[in-house]
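The residues making up each chain are set out below.
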Amino acid sequence: MIDSTLGEGGHSFNFLSSYPHLKIIGLDADKNIQARARERLSVFGGRMRFWNGWFNDFYKNYHEERRPNLILFDLGISVYHYEKSGRGFSFRYDEPLDMRLNAAEGESAADIVNTMREEELANLIYLYSDEKLSRRIAHAICEARSSSKIMSSKALAEIIYDAVPGNYRHGSIHPATRTFQALRIAVNSELRRLPQALHDAFNVLCVGGKMGVITFHSLEDRIVKNYFRNLGKQCVCPPQVPVCMCGGQPCAMILTRKAVEPGAEEVRANSPSRSARLRVVRKLRDAGDMHLTQIAAEVK
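Throughout, residues of each chain are indexed from 1 in the direction in which the sequence is written. In keeping with the model being predicted, local features are shown solely for residues with a pLDDT of at least 70 and side-chain atom pairs are shown and tallied solely at 80 or more, while totals for entire chains, interfaces and linings include all residues. Note that water and hydrogens are dropped before the side-chain values are worked out from all heavy atoms of the structure.

A short note on the overall build of the protein chain
- When you go through the protein chain residue by residue, the secondary structure sums to 14 helices and 7 strands.
- Our radius of gyration is a C-alpha quantity, and the globule rule it is checked against amounts to 2.2 Å times the number of residues to the power 0.38. Relative to a compact globule of 300 residues, whose C-alpha radius of gyration would be 19 Å, the protein chain shows 21 Å and is just as compact.
- Residue exposure (1.4 Å probe, protein chains only): buried if accessible area is under 20% of the type maximum, exposed if over 50%, otherwise partly exposed. Burial status across the protein chain gives 49% buried among its 300 residues.
- Residues are treated as being in contact if the distance between any of their heavy atoms lies within 4.5 Å. By sequence separation, contacts in the protein chain at least 24 residues apart represent 67% of the contacts at least 6 residues apart.
- When the accessible surface of the protein chain is split by element, carbon and sulfur atoms take 50% of a total near 15,500 Å². Helix and strand labels come from DSSP, where a helix needs a run of H or I of at least four residues and a strand needs a run of E of at least two; each type is numbered from the N terminus. Each accessible area is a Shrake-Rupley estimate made with a 1.4 Å probe; only the visible protein chains count as cover when residues are assessed.

Structure follows, in structure tokens:
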């Protein structure tokens, strides 16, 4: 099995505990959280191996001798990142506004909020979070940064809080929640990485193997749903193509016609699971580029 988003190792721990002959490779871009997983999973010895890096790079350059029987993606952010990373994922603490899973590469959230044009920033916030007050929030951010740079999570949260109407401040979630989500997605290129990673991972999977994806965001879920739907189609050629070029056979059996959602008891015990959606397919044959083209275009 490959755990594409190892985090602190919760999924891998449960799989290894339940299936005594299973071996897992765990992937994570964050070396700090992977160190925590190494400690937690050390009891399983050689049944657990680790790879530090982005999952899209791993599947693009797959070098293992065997193909996996199982592949899992859990696209949620670990509680560790909110509570203990110190990188500004949460506005509950006053931390540097970073949000990078791999702190050694790419732009930070502070880079984005302090340099991006107001219109682009508003579009980013709206696209990645469905924040209906995105233009108002982007304007407030640009006004604030004109006098001093916004460098902490608390400072950004306060700017957003002050920018929205009074009734919006006291809703079911903090008014900065969606903006922080959008910035995290943008900083880590989460949506741009996903389509190609799903495609490469599916082709790495052995025939008869299963691939499952847990999403927490409507855009992520749409990408997964549409890609899996393409895999299950008899033909994915464009209408203008006179003769089928894709093979004319489904590449996968869709095992979850409707996404699996958590029950009320699970949500009570684990509130972050409330927005989780699980979709699973069983591989029948490798997929071609046509299965990916339409999906990749959605996030450009």
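Structure shown, so let's carry the discussion forward.
Quick notes on the environment of Ala276
- By secondary structure assignment, the location of Ala276 is in the loop between α13 (264-269) and β7 (277-283).
- Expressed as a C-alpha distance, the spacing of Ala276 and Val224, which sit 52 residues apart in the sequence, is 13 Å.
- In contact with Ala276, other than residues within four places in its own chain, are Ile214, Thr215, Phe216, Val260, Glu261 and Pro262.

Things to note about the layout of surface pockets
- Throughout, the protein atoms alone are placed on a 1 Å grid, and a set of points is a cavity if a 1.4 Å probe fits but cannot get out or a pocket if it is open with protein on both sides within 12 Å along at least five of seven lines; lining residues have an atom within 4 Å of a point. Grid points are joined across faces, edges and corners, and a volume is the space filled by probe spheres set on the points. Estimated volume of the second largest pocket: approximately 350 Å³.
- What lines the second largest pocket is a set of 17 residues, and nearest its centre among them are Met1, Lys23, Ile25, Arg49 and Arg66.
- Gly falls in the polar group here, along with every residue not listed as nonpolar (Ala, Val, Leu, Ile, Met, Phe, Trp, Tyr, Cys, Pro) or charged (Asp, Glu, Lys, Arg). Considered class by class, the residues forming the lining of the second largest pocket number 7 nonpolar, 3 polar and 7 charged.

Comments concerning the environment of Glu39
- Within the fold, Glu39 resides in helix α2 (residues 31-41).
- Residues Glu39 and Gly9, 30 residues apart in the sequence, show an inter-C-alpha distance of 9.5 Å.

Remarks on the pairing of strand β2 (residues 24-28)
- Extensive coverage of β2 is indicated by the burial of 5 of its 5 residues.
- At least two DSSP bridges between two strands are needed for those strands to be called paired. With 2 bridges connecting them, strand β1 (residues 2-3) and β2 associate as parallel partners. Across the sheet, residue Asp3 finds its bridge partner in β2, namely Gly26.
- A clockwise path from the first strand over the helix to the second, with the strands pointing away from the viewer, defines a right-handed crossover. Handedness of the β1-helix α1 (residues 10-18)-β2 crossover: right-handed.
- One ladder, built from 5 bridges, connects β2 with strand β3 (residues 48-52); its direction is parallel. Bridged to Gly26 within β3 is Phe50.
- Note that the unit made of β2, α2 and β3 has a crossover that is right-handed.

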